[in-house]
Amino acid sequence: MVIANGFTYIAFLMCLAGILLALEKYTKWKIFNIVPPLVWIYVLNMIFCTMGLYHSKEVSAAYKALKNNLLYAMIFVMLLRCDFRKLAKLGGRMVAIFLGCSLTLFVGFIVGYPIFKGYLGSDTWGAVAALYASWVGGSANMAAMQAALPVDAGAYSCALALDTVCYSVWIALLLLMVRYASKWNRAVKADTSKLQAVADAAAAEVAKEKKQAGGADWIFLIGLSLIVSAISQQVGASLNGALKAVGLAMFDKGSMTTLFVTVLGLVCAMTPLGKVPAVEELSSVYLYAVVSLLASTASVTDLLAAPMWVVYGFFILAVHVVLMFLLSKLFHWDLCMVSTASLANIGGAASAPIVASAYDASYAGIGVLMGVLGAAVGNFAGMICGAILKMM
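None of these values were measured; they are calculated from a predicted model.

Trainee: What is the right way to read the overall build of the chain from this model?
Mentor: When you go through the chain residue by residue, the secondary structure sums to 19 helices and zero strands. Here the chain holds 392 residues, and 51% of them are scored as buried. Here the contacts in the chain between residues at least 6 apart in sequence split such that 84% fall between residues at least 24 apart. For the chain, the exposed surface amounts to about 16800 Å²; the carbon and sulfur share of it is 70%.

Trainee: In this structure, what is going on with the side chain of Asp334? I would like to understand it.
Mentor: Along the polypeptide, Asp334 turns up in the loop between α16 (307-331) and α17 (335-346). Looking at Asp334, its side chain comes within polar contact range of the main-chain nitrogen of Cys336, at 3.3 Å.

Trainee: Just checking my understanding: could you explain helix α10 (residues 181-188) for this structure?
Mentor: Since the α-helix packs 3.6 residues into each turn, any two residues three or four apart lie on the same face. Within α10, the full set of buried residues consists of Ala181, Trp184, Asn185 and Val188. For α10, the angular spread of buried residues about the axis comes to 95 degrees, placing them on one side. Of the residues in α10, the exposed ones pointing more than 90 degrees away from the buried face are Lys183 and Arg186.

Trainee: Teacher, can you tell me more about the pattern of salt bridges here?
Mentor: If charged atoms from side chains of opposite charge come close, those side chains can pair. Applying the stated criterion across every chain yields a total of two salt bridges. The residue Glu24 makes a salt bridge to Arg179 at a minimum N-O spacing of 4.0 Å. On the criterion of sequence distance, the pair formed by Glu24 in helix α1 (residues 6-27) and Arg179 in the loop between α9 (153-177) and α10 is long-range, its members being 155 residues apart. Overall, the relative accessible area of 29% leaves Glu24 in the partly exposed class. Between Asp334 and Arg93 there is a salt bridge; the shortest N-O distance is 3.9 Å.

Trainee: Help me understand the packing of helix α7 (residues 125-137) against α16, please; the structure alone is not making it clear to me.
Mentor: In helix packing, the relevant descriptors are the interaxial angle and the interaxial distance, both defined with respect to the helix axes. Running from N to C, α7 and α16 point in directions that differ by 45 degrees, and their axes come no closer than 13 Å. Taken as axis vectors, α7 and α16 run oblique relative to one another. Here α7 runs over α16; the crossing is right-handed. Counted together, Ala127, Val128 and Trp135 of α7 and Trp309, Tyr312, Gly313, Ile316 and Leu317 of α16 form the full contact between these two elements. For the contact of α7 with α16, a count of residues per class yields seven nonpolar, one polar and no charged.

Trainee: Got a minute to help me understand the nonpolar core in this structure?
Mentor: It is characteristic of soluble globular proteins that their nonpolar side chains tend to be buried jointly. By size, the foremost hydrophobic cluster in this structure holds 92 residues, and its most contacted members are Tyr9, Met74, Trp135, Trp309, Tyr312 and Ile354. Residues within four places of Met74 in sequence aside, it is in contact with Ser283, Tyr286, Leu287, Val290 and Ile354. Core analysis: the second largest hydrophobic core is formed by 22 residues, Ala181, Cys336, Met337 and Tyr363 among them.

Trainee: When you look at unusual backbone geometry in this model, what are you seeing that I'm missing?
Mentor: Apart from glycine, the bulk of residues carry a negative phi angle, and the bulk of peptide bonds sit in the trans form. Even without being a glycine, Lys28 presents a positive backbone phi close to 60 degrees. One can find Lys28 in the loop between α1 and α2 (31-34). Classification of Lys28 by relative accessible area gives exposed; the value is 61%. In the Ramachandran plot, Lys189 falls in the positive-phi region, its phi being about 55 degrees despite a non-glycine side chain. Within the secondary structure, Lys189 sits in the loop between α10 and α11 (193-208).

Trainee: Please clarify how the packing of helix α3 (residues 37-50) against helix α14 (residues 279-295) should be interpreted in this entry.
Mentor: The N-to-C vectors of α3 and α14 enclose an angle of 30 degrees; their axes lie 8 Å apart at closest approach. What the angle tells us is that α3 and α14 run roughly parallel. For the pair α3 and α14, the crossing hand works out as right-handed. Between α3 and α14, the contacting residues are Leu38, Ile41, Tyr42, Asn45, Met46 and Cys49 on the first element and Leu287, Tyr288, Val291, Ser292 and Ala295 on the second.

Trainee: Sorry, what's going on with the side chain of Gln233 here?
Mentor: On the secondary structure map, Gln233 appears in helix α12 (residues 215-245). Owing to a relative accessible area of 16%, Gln233 belongs among the buried residues under this scheme. Ignoring sequence-local partners within four residues, the contact set of Gln233 consists of Asn68, Asn69, Tyr72, Lys253 and Thr257.

Trainee: Looking at this structure, how should I read α3?
Mentor: Here α3 spans 20 Å end to end across 14 residues, near enough to the 20 Å set by a 1.5 Å rise per residue. All of the buried residues along α3 are Pro37, Leu38, Val39, Ile41, Tyr42, Asn45, Met46 and Cys49. Trailing α3 by a residue or two, Gly52 shows a phi angle of about 90 degrees, which is positive.

Trainee: In this structure, what is going on with the environment of Val261? I would like to understand it.
Mentor: By secondary structure assignment, the location of Val261 is in helix α13 (residues 253-269). For Val261, a relative accessible area of 0% puts it in the buried group. Spatially, the C-alpha atoms of Val261 and Val368 are 9.9 Å apart, while their sequence positions differ by 107 residues. Those residues within four positions of Val261 in sequence are excluded, and the remaining contacts are Tyr72, Ile75, Phe76, Leu79, Val228 and Ser232.

The rules behind each value
Residues numbered from 1 in each chain as written. Predicted model: local features only at pLDDT ≥ 70, side-chain atom pairs only at ≥ 80, totals over all residues. Heavy atoms only, no water. Helix = DSSP H or I, 4+ residues; strand = E, 2+ residues; numbered from the N terminus. Buried < 20%, exposed > 50% of the residue type's maximum accessible area, 1.4 Å probe, protein only. Contact = heavy atoms within 4.5 Å. Areas by Shrake-Rupley, 256 points an atom, 1.4 Å probe, with all protein chains shown as cover. Polar contact = N/O pair within 3.5 Å; in protein donor to acceptor, adjacent residues only side chain to side chain. Arc of directions from axis to C-beta. Salt bridge = Lys/Arg side-chain N within 4 Å of Asp/Glu carboxyl O. Axes fitted to C-alpha atoms, helices over the stretch in contact; angles between N-to-C directions. Parallel < 35°, antiparallel > 145°, perpendicular 65-115°, else oblique. Left-handed = near helix turned anticlockwise from the far one by under 90°. Nonpolar A, V, L, I, M, F, W, Y, C, P; charged D, E, K, R; others polar. Core = buried A, V, L, I, M, F, W, Y, C linked by side-chain atoms within 4.5 Å. Expected span 1.5 Å × (residues − 1).

See the structure below:
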């Protein structure tokens, strides 16, 4: 069975999300206390994708038309409740946690490579280094490393399979762990006071001038967010072209668009737009729509294409988790910041806000800022990794 119509595809995704949210609200099933609806949405859509339900040209066209457009609209709306002046106080801690994630992933790559080298194929160090650059800064860095290093085409395709599978599983696990953040925080004696201050300040501002959202508010906010998304993508493309013209290609079009929409959202948050009703509600709608779209392209069949590469990827993630837990115990890092930094590395600036906002909508800016940081250092990190792997 295949969905052969783009509108039917979108309708099915939103209907599935709505049914799961309604079941949680009205049935009070305990299963939702263990696995929240957001994770069910991701897992079920992965299963449907693997079954071939979404494999048609019309579905692919609908996905391409909506995913980025809704993603940038979501980031903008979420940032309307983000007080950047308070977010800036997290600066040093945010950078430290991000670099901690980059370092622990680096250890996983270096330690695991001699173990799996014989199973990955010959002359694979370049592809592995490109993958690490991607896991620090995003796909633009992976493409840059492919051009800078002697990357075998077959190994590169296997690295892409590893990236797809591990990213899909990782984002689902990070969303699942939101429900258990308190246990992690107690175990590491996390200091969440500054992070909580961001959420409390946003909530206080909303409560101070809380208004019941009407139809006009919804239409205005939807229209504003969509036009911002459209304009931001045009500006992002122009900025990317300008950077390439002067030899600075470390940021791709997506990174520049994300950066622009983030700055715009943070500026608008300090204006009367930051008090517009329906921001929280529309943020949730966009979040469920974007997660549904992402999951609908995450097939587990890539596991069969490059099984040992995928095992290598999960080994790296296991090392990453253990070391980040130890660092969290040492420096008292909370799970929200650790999860956001982890996905900012593995997923990038566009993905990290999804996990951050699953904790609180006002945290979206943290994810974006971490992702931008990764894009800046990804190529440098990839070159260092490549130099070490080549000697192994």
